[in-house]
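Inside the fold
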Amino acid sequence: MRYLLLSDVHSNLEALEECTALAQGKYDQVLCLGDLVGYGPDPNPVIERVRAMATVIIRGNHDRACSGLIDAAEFNPLARLATQWTRDQLTAEHIGFLRSLPPGPVTVQGVQIVHGSLLDEDEYLLGPGQALPELRNLATPAVFFGHTHYQGGFMLTGNGRFQSVRCSSKQDGRTLVLTLEEGTRYLINPGSVGQPRDGDWRAAFAIFDQEKNHVEYYRTPYKLPEVQQKMRKAALPEPLIRRLEFGR
Ligand code: ZN
């Protein structure tokens, strides 16, 4: 089985479309690691699109906030504004759908997915401080996570060596192929489709090939000016519009 891993789409339809176009023919199933909505200008079309193609979708913190499961008081003021705007746009049906999404971890045929971490769906796995305790407790050789909007991840070898997975290629398309070694444990982040924060504005995703036992990381440019134009028209906060250019 080949899994297309999509995370943190954040209502960015143009980015989602480029990712699925590039992934076309390279996967069998789609797993979504949460945060379909929040920040971007197309919450309803993004939900429709992902819902139609994904086998499993787990919820992210923005999915909970935008559907009113939690209030957005803990979000920064800009994220809060975008949450309120998204709530006003969402159809009642889509609000119900977001509310029905399961929290991670969810296991699909030996593949485990979470939004934040195994223990806490809101935890940010940013470095060894958070990743090491998780890696020591993995029940499966690899867990796929999102939430940080950083493409890459972490690994712990059989002899206890911790390493970060870095995707540094500036080429469009496949940026890294990571072969999963026997005895090593992995936390894999496909990166964010709709609002990358790792300094690269291009949309990110990954494909896990279970047979070949490797993860392919991808980056693709998308029609950023169109997204920004829609956001301005919707009067979404300017810093949220600009950050997409910088991938921050
Ligand atoms: Zn997110």
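This is a predicted model, so every value here is computed, not measured. (Residues numbered from 1 in each chain as written. Predicted model: local features only at pLDDT ≥ 70, side-chain atom pairs only at ≥ 80, totals over all residues. Heavy atoms only, no water.)

1. As for the state of the cysteines
Here, disulfide denotes a covalent bond that connects the sulfur atoms of two cysteines. Applied cut-off: Cysteine sulfurs are considered disulfide-paired once they come within 2.5 Å of each other.
A full pass over the atoms with the stated rule returns zero disulfides. No disulfide involves Cys66; its sulfur sits 14 Å from that of Cys32, the nearest cysteine. For Cys167, which is in no disulfide, the shortest distance to another cysteine sulfur is to Cys19 and amounts to 14 Å.

2. Overview of unusual backbone geometry
The line we're drawing: By definition, any uninterrupted DSSP run of H or I lasting at least four residues is a helix, any uninterrupted run of E lasting at least two residues is a strand, and each is numbered from the N terminus. Throughout, exposure labels follow a simple rule: accessible area from a 1.4 Å probe, protein chains only, divided by the maximum for the residue type, with under 20% read as buried, over 50% as exposed, and the rest as partly exposed.
Note the cis peptide between Gly104 and Pro105, where omega equals -5°. Position of Pro105 among the secondary structure elements: in the loop between α5 (92-100) and β4 (106-108). Positive phi, close to 50°, is recorded for His10, a residue that is not glycine. With respect to the helices and strands, His10 occurs in the loop between β1 (2-6) and α1 (13-23). On the basis of relative accessibility, which here comes to 1%, the residue His10 falls in the buried class. In this structure, Ala235 takes a positive phi of about 60° despite not being glycine.

3. Concerning the pairing of strand β2 (residues 29-32)
For clarity, the cut-off: Pairs of strands are assigned from DSSP output, requiring at least two bridges between the strands. If the strands point away from the viewer and the path from the first strand over the helix to the second runs clockwise, then the crossover is right-handed.
The alternating pattern of β2 places Gln29 and Leu31 on one face and Val30 and Cys32 on the opposite face, and all of these are buried. Summarising the sheet, β1 and β2 pair through four bridges and their orientation is parallel. Looking at β2, one finds that Leu6 is bridged to Cys32. Where the polypeptide runs from β1 across α1 and back to β2, its parallel neighbour, the crossover connection is right-handed. Strand direction decides the pairing type here: β2 and strand β3 (residues 54-57), joined by three bridges, are parallel. Bridging across to β3, Cys32 finds its partner in Ile57. In terms of handedness, the path from β2 via helix α2 (residues 43-53) over to β3 forms a crossover that is right-handed.

4. Points about the coordination of the zinc ion
In plain terms, the rule: Because no water is among the atoms considered, metal sites can look incomplete, with donors defined as N, O and S atoms within 2.8 Å of the metal, or 3.2 Å for Na, K and Ca.
Asp8 (OD), His10 (NE2), Asp35 (OD) and His149 (NE2) make up the full set of protein donors to the zinc ion, lying at 2.1 to 2.3 Å. Classification of His149 as buried rests on a relative accessible area of 1%.

5. Considering the packing of aromatic side chains
Quick reminder of the rule: Aromatic pairing here means that ring centres of Phe, Tyr or Trp (its six-membered ring) are within 6.5 Å. Orientation follows from the plane angle: under 30 degrees is stacked, over 60 is edge-to-face, and everything else is tilted.
Following the criterion strictly, the structure yields six aromatic pairs and no others. Ring centres of Tyr3 and Phe208 lie 6.4 Å apart, and the angle between their planes is 15°; on these two criteria the pair is classed as stacked. In this pair, Tyr3 sits in strand β1 while Phe208 sits in strand β11 (residues 203-209), placing the two residues 205 residues apart along the sequence. The class of Tyr3 is buried, set by a relative accessible area of 0%. For Phe208, a relative accessible area of 6% corresponds to the buried category. Ring geometry for Phe145 versus Phe154: centroids 6.4 Å apart, planes at 15°, classification stacked.

Function-wise, these values are silent; they only describe arrangement.
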